[in-house]
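Each chain, written out:
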Amino acid sequence: MPDLSIEDNKLASDSNEVTFDYEIEDVIECDSVIVVRLGIPPDEAHNRNVVGIDKTGARRWTIPESPLGSVEDNPYMSLSLRDGELWVGDWRGWTHRVDPETGELLEREFRK
């Protein structure tokens, strides 16, 4: 995987730079994908704030909204690797296992 540097909403890897609409909160390298979680300001609702990009900086996927919870504002709040698997946690306390190649939500568990 390439060396990564983060500055506000910019992610630089090797000779590529990707600029996002929001500040970068977390980054995880998972297989051939760089997974980025964007911080969403409190006065905005944006629930698809995790993206996967390849080593060239091309966007491969944007995560779907969490299918759980009855609130309109339910962004993803965490990224982690557990036993080599990618997990994201949403604001309502659900943690979802994600396919790093496609961004598909594979399973979920309540963790709050």
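Residues numbered from 1 in each chain as written. Predicted model: local features only at pLDDT ≥ 70, side-chain atom pairs only at ≥ 80, totals over all residues. Heavy atoms only, no water.

**Overview of the sheet that holds strand 8 (residues 76–82)**
- What the four strands build is an open sheet, ordered 8-9-10-11; its pairing is antiparallel. Edge positions in the sheet fall to strand 8 and strand 11 (105–110), since each of these pairs with one other strand and no more. Pairs of neighbouring strands in the sheet enclose a mean axial angle of 25°, with direction left out of account.
- In terms of strand pairing, strand 9 (residues 85–90) meets strand 10 (residues 94–98) through four bridges, oriented antiparallel. Opposite Gly 89, over in strand 10, you have Thr 95 as the bridge partner. (Pairing = 2+ DSSP bridges. Helix = DSSP H or I, 4+ residues; strand = E, 2+ residues; numbered from the N terminus. Axes fitted to C-alpha atoms, helices over the stretch in contact; angles between N-to-C directions.)

**Considerations on the packing of aromatic side chains**
- The final tally for this structure, using the stated rule, is one aromatic pair.
- Both rings, one in Trp 94 and one in Phe 110, keep their centres 5.2 Å apart while their planes meet at 70°; by these two values the pair is edge-to-face. Note that Trp 94 is positioned in strand 10 and Phe 110 in strand 11, a separation of 16 residues in sequence.
- Owing to a relative accessible area of 26%, Trp 94 belongs among the partly exposed residues under this scheme.
- Classification of Phe 110 by relative accessible area gives partly exposed; the value is 48%.
- When the ring centre of Trp 87 is taken as origin, the NZ or CZ atom of Arg 82, which lies over that ring, is 3.9 Å away. (Phe/Tyr/Trp six-rings, centres within 6.5 Å; stacked < 30°, edge-to-face > 60°. Buried < 20%, exposed > 50% of the residue type's maximum accessible area, 1.4 Å probe, protein only. Lys NZ or Arg CZ within 6 Å of the ring centre and 35° of its normal.)

**With respect to the pairing of strand 9**
- Counting buried positions along strand 9 gives five out of six residues, so the element sits mostly inside the fold.
- When strand 8 meets strand 9, the two strands line up antiparallel, connected through six bridges. Across the sheet, Arg 82 pairs through a bridge with Glu 85, a residue of strand 9.

**A closer look at the confidence of the model for the protein chain**
- Mean pLDDT over the protein chain works out to 92, with 95% of the residues at or above the 70 mark.
- Mean pLDDT values over the elements of the protein chain span from 92, in strand 2 (residues 10–13), up to 98, in strand 6 (residues 50–53). (pLDDT = per-residue confidence, 0-100.)

**Quick look at the nonpolar core**
- Grouped together as the largest cluster of nonpolar side chains are twelve residues: Ile 28, Cys 30, Val 33, Val 35, Val 50, Trp 61, Ile 63, Tyr 76, Leu 79, Leu 86, Val 88 and Val 98.
- Put simply, the parts of the chain that give this core at least two residues each are strand 4 (24–30), strand 5 (33–38), strand 8 and strand 9.
- In this structure, Phe 20, Tyr 22, Val 51 and Ile 53 belong to the second largest nonpolar core, which totals eleven residues. (Core = buried A, V, L, I, M, F, W, Y, C linked by side-chain atoms within 4.5 Å.)

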